[in-house]
Amino acid sequence: MAARRALKAVLVDLSGTLHVEDSAVPGAQEALKRLRSAPVTIRFVTNTTKECKRDLLERLTKLGFDIAENEIFTSLTAARNLLEQKQVRPLLLVDEKALPDFTGVATEDPNAVVIGLAPEHFHYEMMNKAFRLILDGAPLIAIHKARYFKKKNGLALGPGPFVTGLEYATDTKATVVGKPEKTFFLEALRGTSCAPEEAVMIGDDCRDDVGGAQDAGMRGILVRTGKYRPGDEDKINPAPYLTCESFPEAVEHILDHML
Amino acid sequence: MSCVLIACPLAYPYEKRAVVGHLQHPVVRPGLCICEHSLPPALEKSSGNLGRREAVEQLDSRVKTRIKASGLKLRFCTNETQATREKFVKKLQGLGFDISVAEVTAPAPAACRLLKERGLRPHLLVHDDLIPEFAEIDKTNPNCVVVGDAAENFSYANVNEAFRVLIGLEKPVLISLGRGRYYKETDGLKLDVGAYMKALEYACDVEAEVVGKPAKAFFESALAEMGVPPQQAIMIGDDIVNDVGGAQQCGMRAVQVRTGKYRPCDENHPQVKPDAYVNNLAEAVDVILGQL
């Protein structure tokens, strides 16, 4: 096996990995402290479409995690980066709680469309507005393409089906910026001066966290917390670099074997 | 969109080779299918055409009466699902066209036949004005979803409800009344049923069954209603894929009119080659009748 480059960056998933709902994973706060003693850059990454960085930071701080806002990278950040790269003005079909992450982005006379999980915007009139922009050449950016999600009273359509409908009507393809897209992981590393081969991702979603990271050239550690189900590690190819109990064990492995 | 389908009885002995434009095959008193969008601008949802009354008179005298006089059968094939056939016909009659419900082939009745045949009870995601077409259908305890051009009824809540029915079925069946991507209204382009069909297909990982143009079964239904085989029928339409392509795949000949949804780039379509191009419906009829 080829010699591995030294580890310089660690990406950590949030929901299901550092915390589950409103409780921290046992021992995670101390594990994070120990990880900070190592010479690695840390990024906290998530696929949210309706929590801005400020809200995420507040929640994590309340749970006892020592995190800085600029260490957080979300699919909303990825979308914003893409808008800035393309120098376009978006029609933002996102939850209003996500809007703070787009402060400073011009939105008058839009020439791009950004779609997140925003059922309040997925009515016919707004969909037609988005459709006409895209037909006129506006790029369609999807925060992610989840088919549906679970709510207390049943399943509910995610943004994926609406993005698919717009792709069909306009005969175009959306750029998807959330996990497990390669761009998400590469963008998360932007500004860390670390290459994917020098980074590891820790997460509970085998396909979206570990699979996606490994496809981008990183190593992936699957933790058995959150949405993990026994046998998940057999569902991706190549298999996760490591499967372990939880975030603290992942950190121990990094400190003992990967630096 | 309606296609003028002119059909002729097999028994009629008259035969003449038609060499007009690209019509190179013997035409035995063909049947004509008309697409309503190949009717003159008067019928575009964007009305306000000054020449409307004149165009209507022109159409009526040049098309309907001539067709009737020649003994050809006529059928209007439409993918309209925002209204019942009655309402659709009333609208056209209001604009001066001589047309009756019996001459219309539309997706909703075709869907009803399919539902009855297969014992399917639909959850309907359609325009309110289309619901009467399903009056005779058992809609209790739905075991399938029927989606049409629901327009304002495509709220998140309604699409979500249809999704929940579909995902809850052991064997999800999604029936779509067409697969159009968009259509033109007075206030701009709007998403058609195809976009929402794709949305539900993606959400539930199923493939929809399409009733309506360009599905083969739809054209076959129109031909059956006229009692004419495809080889003796000609389709006239403005939608190169749904009218012309769909009809040809059924074994019919098809003529593209340069009105309605037509765009010049259609003449370079990679797959569909119409049997003839004409500027408008009246010209199409001139050309076809002139060959008899």
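Remember, predicted model here, so these are calculated numbers, not experimental data. (Residues numbered from 1 in each chain as written. Chains lettered and ligands numbered in written order. Predicted model: local features only at pLDDT ≥ 70, side-chain atom pairs only at ≥ 80, totals over all residues. Heavy atoms only, no water.)

1. Here we look at the overall build of chain A
Tallying secondary structure elements over chain A gives 8 helices and 14 strands in all. Compactness check: chain A gives a C-alpha radius of gyration of 19 Å against a globular reference of 18 Å for 259 residues, within 12% of the reference. Projecting the C-alpha coordinates of chain A onto the three principal axes gives extents of approximately 55 × 40 × 35 Å. Burial status across chain A gives 57% buried among its 259 residues. When contacts within chain A are restricted to residue pairs at least 6 apart in sequence, those whose partners lie at least 24 apart make up 63%. In chain A, 33 side chains carry a positive charge and 37 a negative one; their mean positions are 1 Å apart. (Helix = DSSP H or I, 4+ residues; strand = E, 2+ residues; numbered from the N terminus. Rg over C-alpha atoms; globule rule 2.2 N^0.38 Å. Buried < 20%, exposed > 50% of the residue type's maximum accessible area, 1.4 Å probe, protein only. Contact = heavy atoms within 4.5 Å. Lys, Arg positive; Asp, Glu negative; His and termini not counted. Charge placed at Lys NZ, Arg CZ, Asp CG, Glu CD.)

2. Observations concerning the overall build of chain B
Helix and strand counts for chain B come out as 8 helices and 15 strands. Counting over 292 residues, chain B shows a buried share of 59%. Only carbon and sulfur atoms are counted for the fraction: they give 50% of the accessible area of chain B, which is about 12,200 Å². (Areas by Shrake-Rupley, 256 points an atom, 1.4 Å probe, with all protein chains shown as cover.)

3. Section: the sheet that holds strand E8 (residues 144–147) of chain B
The strands making up a sheet associate through backbone hydrogen bonding, with each pair oriented either parallel or antiparallel. Residue and element names in this part refer to chain B. Read from one edge to the other, the open sheet built from 4 strands follows the order E7-E8-E9-E12, with strand pairing classed as parallel. Only two strands of the sheet have a single partner each, and these edge strands are strand E7 (122–125) and strand E12 (209–210). In the sheet, strand E9 (residues 174–176) pairs with E12 via 2 bridges, with the strands oriented parallel. For Ser176, the partnering residue across the bridge sits in E12 and is Val210. Helix-sheet contacts for helix H4 (residues 156–167) involve E7, E8 and E9, and the interaxial angle to E7 is about 160 degrees. (Pairing = 2+ DSSP bridges. Axes fitted to C-alpha atoms, helices over the stretch in contact; angles between N-to-C directions.)

4. Digging into the sheet that holds strand E11 (residues 175–176) of chain A
Residues and elements named next belong to chain A. Spatially, the 4 strands line up as an open sheet ordered E6-E7-E8-E11, and their pairing is parallel. Two strands bound the open sheet, and with one partner strand each, they are strand E6 (90–93) and E11. Pairing of strand E7 (residues 112–115) with strand E8 (residues 140–142), which is carried by 3 bridges, proceeds in the parallel orientation. In the strand pairing of E8, Ile115 is matched with Ala142. Helix-sheet contacts for helix H5 (residues 159–170) involve E7 and E8, and the interaxial angle to E8 is about 160 degrees.

5. Re the interface of chain B and chain A
Taken together, the contact between chain B and chain A spans 29 residues of the former and 28 residues of the latter. When chain B packs against chain A, the two sides together hide about 2,500 Å² of surface, and 64% of this comes from carbon and sulfur. The three residues of chain B that bury the most area against chain A are B:Tyr156, B:Leu191 and B:Tyr202, which together make up 32% of that side's buried surface. Our count for the chain B to chain A interface comes out at 0 salt bridges. Here chain B and chain A share 14 residue pairs in polar contact (both at pLDDT 80 or more) between them. Put simply, the parts of the chain that give the side of chain B that touches chain A at least two residues each are H4, strand E10 (182–185), strand E11 (188–191) and helix H5 (193–204) of chain B. It is H5(B) that provides the largest number of residues to the side of chain B that touches chain A, a total of 7 residues. Looking at the side of chain B that touches chain A, its residues break down into 15 nonpolar, 5 polar and 9 charged. (Buried area = accessible area lost by both parts, 1.4 Å probe. Salt bridge = Lys/Arg side-chain N within 4 Å of Asp/Glu carboxyl O. Polar contact = N/O pair within 3.5 Å; in protein donor to acceptor, adjacent residues only side chain to side chain. Nonpolar A, V, L, I, M, F, W, Y, C, P; charged D, E, K, R; others polar.)

6. Regarding the packing of aromatic side chains
Counted by the stated rule, this structure contains 11 aromatic pairs over all chains. When the centroid spacing of 6.4 Å and the interplanar angle of 45 degrees are considered together, the rings of A:Tyr124 and B:Tyr196 count as tilted. With A:Tyr124 in helix H4 (residues 124–135) and B:Tyr196 in helix H5, this residue pair bridges two chains. Given a relative accessible area of 3%, A:Tyr124 falls into the buried group. Ring pairing ties together the aromatic residues A:Phe73, A:Phe184 and A:Phe185, which thus form one cluster. Between A:Lys145 and the ring centre of B:Tyr202, over which it is positioned, the NZ or CZ distance is 4.9 Å. Its guanidinium or amino end placed over the ring of B:Tyr202, A:Arg147 lies 4.5 Å from that ring's centre, counting from NZ or CZ. (Phe/Tyr/Trp six-rings, centres within 6.5 Å; stacked < 30°, edge-to-face > 60°. Lys NZ or Arg CZ within 6 Å of the ring centre and 35° of its normal.)

7. Details of the confidence of the model for chain B
Put simply, chain B has an average pLDDT of 79, and 79% of its residues get 70 or more. Low confidence marks residues 41–55 of chain B, where pLDDT is under 50. Its contacts with residues over four positions away, or in another chain, come to 24 contacts. (pLDDT = per-residue confidence, 0-100.)

8. Examining helix H7 (residues 206–215) of chain A
Residue and element names in this part refer to chain A. Where burial is concerned, most of H7 is hidden: 8 out of the 10 residues are buried. Tucked into the core, H7 has its buried residues touching strand E1 (9–13), helix H6 (182–189), strand E12 (199–203) and strand E13 (219–223). Two to three positions downstream of the cap, the backbone nitrogen of Arg207 sits 3.1 Å from a side-chain oxygen, assigning the N-cap of H7 to Asp205. At the C-terminal side of H7, Gly217 shows a positive phi close to 100 degrees.

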